[in-house]
Each structure stands twice: as structure tokens, then as C-alpha cells.
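Observations on the three-dimensional arrangement
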Amino acid sequence: MKRIFRGGMIVTGSGLKEADLAVEDGKVLEIGSHLDSAGAEVEDVSGKYLFPGFIDAHTHMALEVSGTITADKFDTGTKAEIAGGTTCIIDFATQEKGETLAEALEHWHRKADGQSSCDYAFHLALGDWNEAVSQELEQVVREGISSFKLYMTYDNRVDDKTMYEVLHRLKELGGIAGVHCENHGIIGARLEEVLREKGNRKDVSDYPKTRPAEAEAEAIHRLLKIAKCVDTPVIVVHLSTAQGYREIQRARKEGQVVYVETCPQYLIMEESKYTLPDGKGRNYMIAPPLRTDEDRETLWQALSENQLQTIATDHCSFTEEQKRAGAEDFSRTPCGMPGAEERPAIIYHYGVGKQRLTLEQMCRYLSEGPAKQYRLYPQKGALLPGSDADIVVWNPQTEWMLLADRQQSAADYCPLEGTRLKGRAEKVYLRGELVAQDGVIQKEKTGIYIRH
């Protein structure tokens, strides 16, 4: 059935255009004034914005970590995504020690296939490195995985030699790495200091001190020096600090290509959350941790100046019961928070609504930018003839409240409980089919795998 969206304002990364938008057979058919509506279903979207479906390029669905598994698997996690207007995610398929890359991808397909309510692609997080894995990468890239993940902390961290070798191999194959940048040694030493000084690690307010801004900045500096030796671009994921940003600025001045992602939590929350009573601070334990007001302002300024490329969620949800694993030792708390449903509305309310960002920038950070960076464009991230008809009808006047008992996520708390927002995804279309309306799911588990 042909459908025409009439009277809305189409948002692109480069401008706004009042025009009709026609879709048919899951694709955008044409854009223009007063399109012929014969035989079409016409939807009046006057006063609304039409965004290309948002893309969340950093999610952890069904991740086995810290002796548990995230609360959101691909079923509930992707329902949260479409409820907020996200029509495609790129999740981290994680290779465990001893696994081949094919085994890791097969494992993630078993988790996602037939369960996802939005379209999905995978980054491949490398947890093991040897000559066989290096050779296997060629086949992985050929079959449609172009982005990879490396960690500079945690048990699956890579050392500097491995970092160099992986970046060199990805350069040969035309792939790119996104890197979690924190200095593992500093974190370990600070954790031991807390234990020596206090005799325990119960006080969550000590958590941010164990992962200081310097730990992020040092790791970013080291990554960028290694990438410079290889002469290849890299992606710094979930940037959280002004110190880290200054390292990126220095590298760019020397001619390096550095792509940068940040997340809504680093824009609107700060480290005082860790002083909440009754253990509630554990709910905000993420890695890197929430930072200071100065860090938040630096990130907003960088976004306003078009110096960052994407805003993703790092959606990694747990229940309060799962978080209580750290009741006696905060270092045992599974790190991560939900955020899939809220992301677009947060960026609209605090960004566009506060005149920190334009509508065009919102489109670039949430749709067009990730689509281009991860080779999904123009199938995704655009409203152009031939693009997937992933459409968000955005009502700028809708006022609503974030509440745990209304969210789609399986996490049983909302980090921004009671926050009032203005602006919401009124209707969300995935390849031309209505999948969500005002946060209520209309159609689920219709997502398909996308190569990139």
C-alpha cells in the first residue's frame, strides 16, 4: 500500500524541507509538493517533523558480563528502541577467548534473529587475537562486518602490541575499530587504594575516583599515538571527559582522523548520582562513570561545534537486584544503564529545546552520522528515494514523563525517573510499517539483519 505523509517538515543533516513524502513496498518512493494521492493512504503530519529512523550504534543486548546477563535481551531491548524512534541498532557481537570469529557471530545471531523489533547490524568485539583470527578477519569483512571493538580495560583488554597489530590488519581490510579507552592499571591501583584506606569498597561515592578522567585521557592519548603509527582512523566510543576531548583535539591538529561518539548520560547527568542513599548510586554505575559539570559542558560545546560524530546509548541494562551484586563491594556491580527509549527525546529536549543543537545536528548525530560512519547510508539514515522507509513522525509539542512502569526496557528502574520532556516520537515506521505510537508497541519482532 502506498502511503503519503503530507504537510510535515522533513529533517536532513543539511536542512529542513516542507514537502510530501511517499513510501511504498518498504522504501521511500518520492518527495515533493502536492504528490498525487490516488490510491494512497494519506497521513496528515502537519506541524510534525519527519526524521529518518534513528540509529543506535552502541548497544549491549543479551550481553553475558559480571557473572550475569543484561536484563534486556534483543526482544525487550529493541522494543525500547523503537518506542523512542530508533529503527536500527548496531550491537556488539563479542568474541570470547578461544572462539573463532564465525562462532562469535553465530552466537549473536542466535540471540538476535527473530527476536529484534528493529533492524540490526553487528560490530565485532575482539576478545582473542592470534594469526588464525587475523586471517579470519578477511572473510568477516567480506561478509558484511566493517567495524570492530577493542577494550583497553577489562579481562578482554588488548595490550599495545595487539592494538597495533589489529589496527594494522583492519587498515589492510578497510575496517575500523571503536575503542573503549580507560587505563586498566590506574583503575586497578585505585581500587586497591580504596580497600586499603577504608577496609571495604561499600561506598559507591568512591567509584568515580577509581576511574578518573586521567584514566580515560591517558588511554585516548595512547590509542591515538598507536593509530598514528599505523596511519589509520579510529573511533573513540562513549567519550566522557574534557581531558579526553583535549587529547582528540591535539591529534586532529596534527592531521589525524579521529571519530568520536558520546552518550546522553554524559550530557545530562553528573557524578553526584553516586552519593544517592540506600545503594541507589549503584544504579548509575557505568563505565566510564558519570563526570563533572565541566565535562558535560565541554561535550555539549563540542557537539554544537560539530566536533563529535555520533550520540549512542551504550544501552547495557540491569535490574536493581542485579545491581545489588555490588552491595558489599561496588567493584562487583555490573556496570551499565538502560537508555534506548529515552535517547532521541533527551537530545531533542536538552539539545534542540535548549538551543544547544539544531534539528539538522540532531539528525546528523542520531541518524545520518552513524549511517555514514558504519556504511549503512543511504539505505539507513536518510529519507531519499530508494532508502528504507524508516520514518519517525516527531511531535515537538508532546509533553511526557519518564517513568519505569511505562518503559519497554526490562530494567526495573528508570535513571531519569519523573523527568518531564517536551518532544516525542509520535509514530515510528520500520520499512513502511507502523511499529510504535506514543511509546506503545504496535508491531514487534519484524527487524532484519543488515550487513555494513
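Please read all numbers here as calculations on a predicted model, not as lab measurements. (Residues numbered from 1 in each chain as written. Predicted model: local features only at pLDDT ≥ 70, side-chain atom pairs only at ≥ 80, totals over all residues. Heavy atoms only, no water.)

**Some remarks on the packing of aromatic side chains**
Put simply, the rule reads: Note on ring pairs: Phe, Tyr and Trp rings are taken, using the six-membered ring of Trp, and paired if centres are within 6.5 Å. Classes follow the plane angle, with under 30 degrees stacked, over 60 edge-to-face and the rest tilted. Each helix corresponds to a stretch of at least 4 residues labelled H or I by DSSP, and each strand to a stretch of at least 2 residues labelled E; elements are numbered beginning at the N terminus. For the exposure calls, accessible area comes from a 1.4 Å probe over protein chains only, and a residue counts as buried if that area is under 20% of its type's maximum, exposed if over 50%, partly exposed in between. Working rule: Lys NZ or Arg CZ, within 6 Å of ring centre, within 35 degrees of ring normal, means a charge sits over the ring.
Evaluation of the coordinates by the stated rule reveals 13 aromatic pairs. Measuring from ring centre to ring centre gives 5.1 Å for Phe 5 and Tyr 429, while their planes differ by 85 degrees; the resulting arrangement is edge-to-face. Linking Phe 5 in strand E1 (residues 3-6) with Tyr 429 in strand E19 (residues 420-430), this pair joins segments that are 424 residues apart in sequence. By relative accessible area, which is 0% here, Phe 5 ends up buried. Take Tyr 429: its relative accessible area is 2%, and that puts it in the buried class. Plain terms: the ring middles of Phe 54 and Trp 394 are 6.1 Å apart, the flat faces sit at 80 degrees to each other, and that makes the pair edge-to-face. Here Phe 54 is found in strand E8 (residues 54-59), whereas its partner Trp 394 is found in strand E18 (residues 391-401), with 340 residues between them in sequence. The class of Trp 394 is buried, set by a relative accessible area of 0%. Through successive ring pairs, a cluster of aromatic residues spans Tyr 49, Phe 51, Phe 54, Tyr 348 and Trp 394. In this structure, Lys 372 packs its charged tip against the face of Tyr 377, placed 4.8 Å from the ring centre.

**Structural notes on the pattern of salt bridges**
Stated precisely, the cut-off is as follows: We define a salt bridge as a contact between a side-chain nitrogen of Lys or Arg and a carboxyl oxygen of Asp or Glu at a distance within 4 Å.
Scanning the entire structure with this criterion turns up 35 salt bridges. With a closest N to O distance of 3.0 Å, Lys 111 and Glu 64 form a salt bridge. Taken together, the positions of Lys 111 in helix H2 (residues 101-112) and Glu 64 in strand E9 (residues 64-65) put the pair 47 residues apart, joining distant regions of the chain. Overall, Glu 64 belongs to the partly exposed group, its relative accessible area being 45%. For Lys 198, the salt bridge identified is with Asp 203, shortest N-O distance 3.5 Å. We classify Lys 198 as partly exposed; its relative accessible area is 44%. The structure contains a network of salt bridges with shared partners spanning Lys 27, Asp 119, Lys 380, Asp 388, Asp 390 and Arg 431.

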